Amino acid sequence: MSWYNKRLAKSIWVFHISASPCNNCDIEILDLLTPKYDLERFGIKLVGSIRHADVLLVSGVINQKVAPKLKYLYSQAPKPVFVVGVGTCPASGCCFNDSYNITANREEVIPIDLYIPGCPPKPEAMIEGVAKLVEVLNG
Amino acid sequence: MDNFQEFISEMDDKIGKIIEKPRRLFFDAENENILEVAEHLFKKMGCRLSTATAQETYKGIEVLYHFSEDKTGSYYCPRIVMKDKSNPKMNSISSVVKGAEWIEREMMEMLGITFDGHPHPEPLLTGNHPKEIKTPWRFNTNVQLRGSNNG
Amino acid sequence: MDKNVIPVGPYHPLLEEAEYFTLKVDGETVVDVDLEIGWMHRGHEFISEGKTFTQSIFLVERICGICSTSHPLAFVHAVEDVDNIEIPLRARYVRTLIGELERIHSHLLWLGLAGHFIGYDTLWMWAWKYREPVLQMFEIISGNRNHYGIMRVGGVAKDVNPEKVKPLHDVLDDIEKKINMIAKAAKDDPVLKSRLKGVGILSKQEAVDYCAVGPTARASGVHIDVRKDEPKDAYDLVEFTEIVTENGDVFDKTVVRLLEIFESIKICRQCLNKLSVSNGSIINKVKEISEGEGIGRYEAPRGEVFHYVRTDGTNRPVRHKVRAPSYVNIPTFKASCKGIPIADALITLAAVDPCYCCTERSLKLVDKNDNSFTLDLLELSREKTEKIRRSI
């Protein structure tokens, strides 16, 4: 499906899900749309419905109340869809590993393809992550 | 300057042991008197309820309210200790202070306390929870830490 | 089966079948508000019983990304309150400087979002663009744009060296000019005035009954500001005014926040001037904390943040209670949302400036027979602005 991936890489539509974050990563993602970083010049835009999404951005350490909703949401996204985990929370749970309300294994809830670590990751790091994704899609 | 001496002499028969620090007054109160104490602090002195802390100790279940007197920057904290750990009950102050509704709901679900007279005793944070978590802050709770829970 | 909830913007979580706010409507008017929370509950109070005091500072920063100075400051105030620990003069100025810079960036963030909700996307882009220099200032001082990790029990961890003072002054002057321009444009716009005046009124008595804090209460005429009531750090050494207005509607809340930005710039300049002429240590190393209880608070951009710490002589707290300002401000919706048209629901809910992670902004609408239905609230809000613009 590499021809499909190449078409996809020209203009990625992104849907943002926050699953129990502290909202810092979410604000840095929104910062990417503002005039200083301006992600729209790469053809990347944020969409309002998951059915239009090519890439899902997940932020936050997924807590147990949100996990079933996240699974359902992932099932609604038309495949193929790529999942990017933004921040240290989806990568390793950050400092919340001792809590009673956290899922033990995030990959079982939603399979993540690309991690962008950082607390929060700088906008430049996020742009580099996206560029890596585009490179992989282009083969 | 704080008005602690005036408060202590006015409410002398309704409060117990006192710990006094600069701008902080912690005192014990009984369940029968808590509504009067809350009314004196909220309505007569014009204090604002900041929040309430609940904790299980070896003596019993303890609820500590925090009332802020903004004019002087001091805090008045009545403490109620419920000795019956299997069924802790006390009067709710939400009829006097509307702002106490949410924090009493949270204390109900986290520690299993019953607040008599509360208008909406539903859980606030763990309602509709897929794992049916009950009273996570008690010593004998049913929740397990992350390592043993399955995702 | 319950129908679904309306997204409030392309960037908010669209978690289907999840009800957060439920608005009961009768025709075109909102009659009641209810809400369910818990999707962000990570159990901070439970985790911090196992961490030392210094580790808790990093944990507590991550409660909320926007108020990531307010929580550590209130926490170190609480621990210092147990033993009445004094902190050095230089550390007081650094703490105040960071706190006020955070206030500037948080109010600009809110201004941008409010503009987005009523259809002024240019305001959104401007406000967030002029927020970037403030984040750069944080990077100069502490090394990170957010989550600075700079507070410690007894002082601060990093200093503002003399070579950092001049660039910081330049950035402050630049921001002041730009915000002056935005404030003038916003105050003189007739569409904005008629869109926001008289909407979502919270009366003074209701603000006192619900124990509201912060700009939500100050816009309704309640004089409450931790920086004046219990001045700690350098707030008793600098001059500033407390901004209080009378009407309690969304326009007043906007004015309070705009004017507070100017006061914060004033405080930052005074702190920088004092820092460039004083010297001394920035931390008073604390060897142990004795047994006892401590209360600490701080005026975050949204209101009073409250921390309570109980210690037993070891290096970990026995009990740590956190109360964010949005916890007491959000129930005021029940009073301010009664009787407003649906098109104003969104801006009224946003005017309280709920900290994102305390409120997930999806809404469910039910009519008087408890049947739910769907409407796009963002579109409704923007259409109302258009109608007003055409009629003026």
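Residues numbered from 1 in each chain as written. Chains lettered and ligands numbered in written order. Predicted model: local features only at pLDDT ≥ 70, side-chain atom pairs only at ≥ 80, totals over all residues. Heavy atoms only, no water.

**So, the pairing of strand 1 (residues 13–18) of chain A**
Residues and elements named next belong to chain A.
Part 1: Buried residues dominate strand 1, accounting for five of its six residues.
Part 2: Pairing geometry for strand 1 and strand 2 (residues 45–46), over two bridges, is parallel. Within strand 2, the residue paired with W13 across the bridge is K45.
Part 3: At this point the chain moves from strand 1, through helix 2 (residues 24–31), to the parallel strand 2, and the crossover so formed is right-handed. (Buried < 20%, exposed > 50% of the residue type's maximum accessible area, 1.4 Å probe, protein only. Helix = DSSP H or I, 4+ residues; strand = E, 2+ residues; numbered from the N terminus. Pairing = 2+ DSSP bridges. Right-handed = clockwise from strand over helix to strand, strands pointing away.)

**Considerations on the confidence of the model for chain C**
All names here are of chain C.
Part 1: For chain C, per-residue confidence averages 83 on the pLDDT scale, and residues scoring 70 or more make up 88% of the total.
Part 2: Counted against residues more than four places away or in other chains, residues 1–19, with its pLDDT under 50, gives 67 contacts.
Part 3: Contacts for the low-pLDDT stretch residues 358–362, under 50 throughout, to residues beyond four places or in other chains number 22 contacts.
Part 4: As scored by the predictor, the complex reaches a pTM of 0.90 and an ipTM of 0.90. (pLDDT = per-residue confidence, 0-100. Contact = heavy atoms within 4.5 Å.)

**Topic: the environment of B:P130**
Part 1: Structurally, B:P130 is set in the segment after strand 7 (114–116).
Part 2: Setting aside its immediate chain neighbours within four residues, B:P130 contacts A:Q64, A:K65 and A:P68.

**Here we look at unusual backbone geometry**
Part 1: Put simply, A:K79 and A:P80 share a cis peptide bond, and its omega is 0 degrees.
Part 2: Its place among the elements puts A:P80 in the loop between helix 3 (67–76) and strand 4 (82–86).
Part 3: Going from A:C119 to A:P120, the amide bond is cis rather than trans, its omega being -5 degrees.
Part 4: Following the sequence through the fold, A:P120 ends up in the loop between strand 5 (114–116) and helix 6 (123–137).
Part 5: Its identity as a non-glycine residue notwithstanding, C:C211 has a phi of 60 degrees, on the positive side.

**Some thoughts on helix 6 (residues 132–142) of chain C**
Part 1: Taking burial as the measure, the eleven residues of helix 6 of chain C include eight buried ones, the bulk of the element.
Part 2: Residues C:E132, C:P133, C:V134, C:L135, C:M137, C:F138, C:I141 and C:S142 constitute the buried set of helix 6 of chain C.
Part 3: Residues of helix 6 of chain C that are buried sit in contact with helix 2 of chain A together with helix 4 (89–118), helix 5 (121–129) and helix 7 (162–187) of chain C.
Part 4: Positive backbone phi, at 100 degrees, marks C:G143, one or two positions downstream of helix 6 of chain C.

**A short note on the confidence of the model for chain B**
Part 1: Here chain B averages 84 in pLDDT, while 91% of its residues score no lower than 70.
Part 2: Between residues 147–151 of chain B, whose pLDDT stays under 50, and residues either more than four places distant or in other chains, the model counts nine contacts.

**Focus: the pairing of strand 4 of chain A**
Residue and element names in this part refer to chain A.
Part 1: The buried fraction of strand 4 amounts to five of the five residues, a majority that puts the element mostly inside the structure.
Part 2: Judged by which residues are buried, strand 4 turns out to be covered on both faces: F82, V84 and V86 on one side and V83 and G85 on the other are all buried.
Part 3: As paired elements, strand 3 (residues 55–59) and strand 4 share five bridges and run parallel to each other. From the neighbouring strand, S59 faces strand 4, where its bridge partner is V86.
Part 4: With helix 3 bridging strand 3 and the parallel strand 4, this β-α-β connection has right-handed handedness.

**Focus on the packing of aromatic side chains**
Residue and element names in this part refer to chain C.
Part 1: All chains considered together, the criterion is met by nine aromatic pairs over all chains.
Part 2: For the ring pair F138 and Y148, a centre distance of 4.5 Å and an interplane angle of 25 degrees mean the geometry is stacked. One end of the pair, F138, is in helix 6; the other, Y148, is in the loop between helix 6 and strand 3 (151–152), and ten residues separate them in sequence.
Part 3: Using a relative accessible area of 1% as the deciding quantity, one classes F138 as buried. (Phe/Tyr/Trp six-rings, centres within 6.5 Å; stacked < 30°, edge-to-face > 60°.)

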